[in-house]
Amino acid sequence: MSEIRYDGRVAIVTGAGGGLGKTYALMLASRGASVVVNDLGGASDGTGGGSSMADEVVKQINESGGKAVANYDSVASPEGGEAICKAAVDNFGKVDIVVNNAGILRDKSFLKMELEDFFRVIAVHLDGSVHCTKAVWELMRDQGYGRIALTTSSSGLYGNFGQANYSAAKMGLVGLMNTLVIEGLKYDIRVNTLSPCAATRMTEDLMKPEVLELLAPASVTAGLLYLVSEDAPNRAILAAGGGTFARAAIYETPGIHLKEEDCTPEGVAAHWDAITATEGQTEYQSGSDQTVNLLTTAARSLGIDLG
Ligand SMILES: NC(=O)c1ccc[n+]([C@@H]2O[C@H](COP(=O)([O-])OP(=O)(O)OC[C@H]3O[C@@H](n4cnc5c(N)ncnc54)[C@H](O)[C@@H]3O)[C@@H](O)[C@H]2O)c1
């Protein structure tokens with residue numbers, strides 16, 4: 001297989017001053033992309049800020065012959081998203097790739113979590129991805145090309161104690177992808193979501209040293225690069241960690257139609273096994289696919305011809 005390259009492409013990587021984002025920026029640049037290295041430079045809980053994290057990555061890229069500029073705006077405001085996009089256009093003339101990676105953590109059980117901490121996490125992960133994607137969307141539509149990566153988490157896909165804020169934000173990103181894929185289709189804007197697992201400052205206190213070593217951020221990077229490549233898939237949720245890659249997806253059971261007399265809470269309870277039986281489950285490609293299944297199942301059961 002020929003090498004996957006990004007020559008002539010302009011990429012924005014948010015939160016690229018450290019952790020996973022830094023590896024994405026370095027590898028994209030080493031394969032020919034011009035990169036905007038965005039990072040607010042604060043602590044893992046989103047407090048503070050500074051320019052040194054982004055500057056250091058830019059220095060590394062430039063010293064190895066790549067092209068990069070730093071940006072220190074926060075993704076959490078619409079103005080921040082616009083400024084990050086402007087940095088790409090001012091320095092490199094366009095935007096082909098956006099890697100929405102910036103993130104913070106404010107873990108606490110839902111019972112003890114302050115709403116401020118709930119919504120701050122949403123503001124960085126979900127709103128932040130919206131701001132940066134919105135800022136480039138029209139430009140990508142006009143040029144008929146775009147590759148957007150969003151960053152979800154096993155915490156969003158499946159849950160994790162103490163991370164209600166983070167889980168809600170991360171699953172919100174999957175919903176964002178699902179619709180952007182549909183709206184971007186005819187302009188060759190592809191949107192994919194990465195669910196990484198890596199030893200970074202976000203996770204280093206949670207794992208043993210030998211596990212941390214196996215989960216080096218570099219073991220994830222290749223997956224992200226494929227998701228924003230010329231021949232990228234579309235609508236994929238790629239799990240990546242320790243060099244293992246897997247695809248996550250949402251499936252829906254075929255379901256059953258209940259006769260009018262069974263359309264009661266008791267009827268639903270009595271048929272629960274059939275409603276939830278997974279044989280023949282489907283991965284829908286749009287919300288209307290679900291509507292079609294609900295209607296055709298009902299029509300078939302009632303002997304109605306919907307035409
Ligand atoms: N490490 C993992 O195992 C793991 C698992 C699932 C998801 N993720 C996700 O991967 C992404 C990268 O995380 P990481 O593990 O590399 O952590 P990290 O803390 O090393 O990286 C996050 C970066 O985002 C930057 N940032 C934070 N708020 C910002 C803002 N408002 N604007 C711009 N930059 C901001 C930080 O300064 C930091 O450099 C995050 O979205 C995270 O939720 C990581």
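About the cut-offs
- Residues numbered from 1 in each chain as written.
- Predicted model: local features only at pLDDT ≥ 70, side-chain atom pairs only at ≥ 80, totals over all residues.
- Heavy atoms only, no water.
- Near = heavy atom within 4 Å.
- Polar contact = N/O pair within 3.5 Å; in protein donor to acceptor, adjacent residues only side chain to side chain.
- Areas by Shrake-Rupley, 256 points an atom, 1.4 Å probe, with all protein chains shown as cover.
- 1 Å grid on protein atoms, 1.4 Å probe; cavity = no way out; pocket = protein on both sides within 12 Å on 5 of 7 lines; lining within 4 Å.
- Sits in = over half its atoms within 2 Å of the grid points.
- Helix = DSSP H or I, 4+ residues; strand = E, 2+ residues; numbered from the N terminus.
- Nonpolar A, V, L, I, M, F, W, Y, C, P; charged D, E, K, R; others polar.
- Pairing = 2+ DSSP bridges.
- Salt bridge = Lys/Arg side-chain N within 4 Å of Asp/Glu carboxyl O.
- Buried < 20%, exposed > 50% of the residue type's maximum accessible area, 1.4 Å probe, protein only.
- Axes fitted to C-alpha atoms, helices over the stretch in contact; angles between N-to-C directions.
- Contact = heavy atoms within 4.5 Å.

Undergrad: Which residues make up the site of the ligand, and what are the values?
TA: Taken together, 31 residues lie near the ligand, and Asp-39, Asn-101, Tyr-166, Ala-198 and Thr-200 sit nearest. One of the side-chain nitrogen or oxygen atoms of Arg-201 is found 2.9 Å away from an oxygen atom of the ligand. Against a free-state accessible area of 820 Å², the protein chains account for coverage of 97% of the ligand. Most atoms of the ligand, that is more than half of them, are within 2 Å of grid points of the largest pocket. Among the elements of the structure, α1 (19-30), α4 (115-143) and α6 (164-184) are those that each provide at least two residues to the shell around the ligand. Among the residues forming the shell around the ligand, the class breakdown is 12 nonpolar, 15 polar and 4 charged.

Undergrad: Would you mind going over the pairing of strand β8 (residues 244-248) in detail, with residue names and values included?
TA: Across 5 bridges, strand β7 (residues 237-241) lies against β8 in antiparallel orientation. Paired with Gly-241 across the strands is Thr-244, a residue of β8. The loop that links β7 with its antiparallel partner β8 comprises 2 residues; one of these, Gly-242, has a positive phi angle of about 60°.

Undergrad: Describe the pattern of salt bridges, naming the residues involved and giving the relevant values.
TA: All chains considered together, the criterion is met by 13 salt bridges. Between Arg-106 and Glu-116 there is a salt bridge, with the nearest N and O atoms lying 3.6 Å from each other. Highlighted residues: Arg-106 in the loop between β4 (97-99) and α4 and Glu-116 in helix α4, separated in sequence by 10 residues. A salt bridge links Arg-190 to Asp-188; the shortest N-O distance between them is 3.0 Å. Accessibility expressed as a relative area gives 21% for Arg-190, which makes it partly exposed. Taken together, the salt bridges that share partners define one network made up of Arg-9, Lys-94, Asp-96 and Glu-230.

Undergrad: I'd love a proper account of the sheet that holds β7, names of residues and values included.
TA: Strand order in the open sheet made by the 8 strands is β3-β2-β1-β4-β5-β6-β7-β8, with mixed pairing throughout. What marks the edges here is a single partner per strand, and that holds for β3 (67-71) and β8. On average, adjacent strands in this sheet sit at an angle of 20° to one another, irrespective of strand direction. Relative to β3, strand β2 (residues 34-38) runs parallel, the two being bridged by 5 bridges. Across the sheet, Ser-34 pairs through a bridge with Lys-67, a residue of β3. Against the sheet, helix α3 (residues 78-92) contacts β1 (10-13), β2 and β3, and its axis sits at roughly 145° relative to β3. The sheet strands contacting helix α8 (residues 218-227) are β4, β5 (146-151), β6 (189-196), β7 and β8, and the helix crosses β6 at an angle near 165°.

Such coordinate-based values are descriptive only and should not be taken to indicate function.
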